[in-house]
Amino acid sequence: MAAGVAGLYASAHPARGIVLADQATEILPFAQMLHQAAPMLRGPAFGQAWPGSENSLGLDRIPEPARTLVPDTHKVNQEVVPGYRDQVLNTEPAQLQAWIDDKAATIQIPCPAVSGRPATDGERERLGRMPAAQIKERAGAGHLVHLVDPGRFAARLRAFAGHCGQAG
């Protein structure tokens, strides 16, 4: 979610760069899936639905000791999950995708898009509309790509921040 918020900020305010860490600009497939799962997320079947979402994050790819910290330090609250996905759940998926496309089209700053899986054709096409976007794939790293090799991620982030500082 943080990359999406950063993208919205960069589409409306001056910024020197933005990093999209496993946050796709193509939200349509996810939004469609979430709409189908909405009754389970909002109802008594939440306990059955949520583990599938959590398992898709790739927690098993995070090295210790961070791997143990993630599940040991979070508590998933059924009332919170639909709340932070409110816009996705309450907006028709194609309409939401069009809104994101409009916002992303205004981003003209350097933007590495780091993904823990291969980018889809739709993601490549959408990121291609952003003139300074670069796709960096870490296939097999999962959603928490920044935790799989935090030293490498931090080094690349520092280098990118330095580039953005010089470009300003």
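The preceding data block contains the structure.
Keep in mind that this is a model prediction, so the values were computed, not measured.

Quick notes on the rules
Just so you know, the residues in each chain are numbered from 1, in the order the chain's sequence is written. Thresholds applied to this predicted model are a pLDDT of at least 70 for local features of residues and 80 or more for the giving and counting of side-chain atom pairs; totals over whole chains, interfaces and linings are not thresholded and use all residues. Calculation of side-chain values draws on the structure's entire complement of heavy atoms; hydrogens and water are dropped beforehand. Elements are defined by DSSP. Helices are runs of H or I of four residues or more, strands are runs of E of two residues or more, and each kind is numbered from the N terminus. Values of the radius of gyration come from C-alpha atoms, whereas the globule rule sets the reference at 2.2 Å times the count of residues to the power 0.38. The rule is simple: take the accessible area with a 1.4 Å probe, protein chains only, and divide by the maximum for that residue type; under 20% is buried, over 50% is exposed, in between is partly exposed. Counting rule applied: Lys, Arg positive; Asp, Glu negative; His and chain ends not counted. Taken as the charge centre is NZ of Lys, CZ of Arg, CG of Asp or CD of Glu, depending on the residue. For salt bridges, the criterion is a side-chain nitrogen of Lys or Arg within 4 Å of an Asp or Glu carboxyl oxygen.

Section: the overall build of the protein
Looking only at helices and strands, the protein features 10 helices and three strands. Mapped from its N terminus to its C terminus, the protein presents α and β elements in the order α-β-α-α-α-α-α-α-β-α-β-α-α. Relative to the compact-globule value of 15 Å for 168 residues, the protein shows a C-alpha radius of gyration of 17 Å, a close match. Dimensions along the principal axes, computed over C-alpha positions, put the protein at roughly 50 × 40 × 25 Å. Expressed as a percentage of the 168 residues in the protein, the buried residues total 35%. Considering the protein, the positive charge centre built from 16 side chains and the negative charge centre built from 16 side chains are found 6 Å apart.

Side note on the pattern of salt bridges
Enumeration over the complete set of coordinates arrives at seven salt bridges. Between Arg124 and Glu137 there is a salt bridge; the shortest N-O distance is 2.6 Å. Residue Arg124 is located in helix H8 (residues 121-128), and its partner Glu137 is located in strand E3 (residues 133-137); the two are separated by 13 residues in the primary sequence. Of the residues examined, Glu137 reaches a relative accessible area of 35% and is grouped as partly exposed. Taken together, the salt bridges that share partners define one network made up of Glu26, Asp101, Glu125, Arg126 and Arg129.

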